[in-house]
Amino acid sequence: MTKPAAPKRHLATSPFKAPVTPAPKHFAVGDQVTHDAHGLGRVIGVEDGIAALVDFGPTRVRVLSPYAKMTKL
């Protein structure tokens, strides 16, 4: 069994910019959202830092953190 690769560290003398970690997204019950695959929806449940349950009309989807394809309107 192999170990997962460790993240590369940024050297202070590097001519390239340090990688930026995006701020985590937070959603609250009642927020209107849009999702790349499912369209418009409303948050109906939140598991802090884990997932959000979103009602997209005909379907309800549990969207996992980091919510890459979902944005708040």
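Parameters at a glance
- Residues numbered from 1 in each chain as written.
- Predicted model: local features only at pLDDT ≥ 70, side-chain atom pairs only at ≥ 80, totals over all residues.
- Heavy atoms only, no water.
- Phe/Tyr/Trp six-rings, centres within 6.5 Å; stacked < 30°, edge-to-face > 60°.
- Helix = DSSP H or I, 4+ residues; strand = E, 2+ residues; numbered from the N terminus.
- Buried < 20%, exposed > 50% of the residue type's maximum accessible area, 1.4 Å probe, protein only.

**Some details on the packing of aromatic side chains**
Here's step 1: Considering all chains together, one arrives at 1 aromatic pair under this definition.
Here's step 2: With 5.0 Å between their ring centres and 85° between their planes, Phe-27 and Tyr-67 make a pair best called edge-to-face. Of this pair, Phe-27 sits in the segment before β1 (32-35) while Tyr-67 is found in the loop between β4 (60-64) and β5 (70-72), placing the two residues 40 residues apart along the sequence.
Here's step 3: The exposure class assigned to Phe-27 is buried, which follows from its relative accessible area of 11%.
Here's step 4: Residue classification places Tyr-67 among the buried positions, given a relative accessible area of 5%.

Everything listed here is a matter of coordinates, which is why it stays silent on function.
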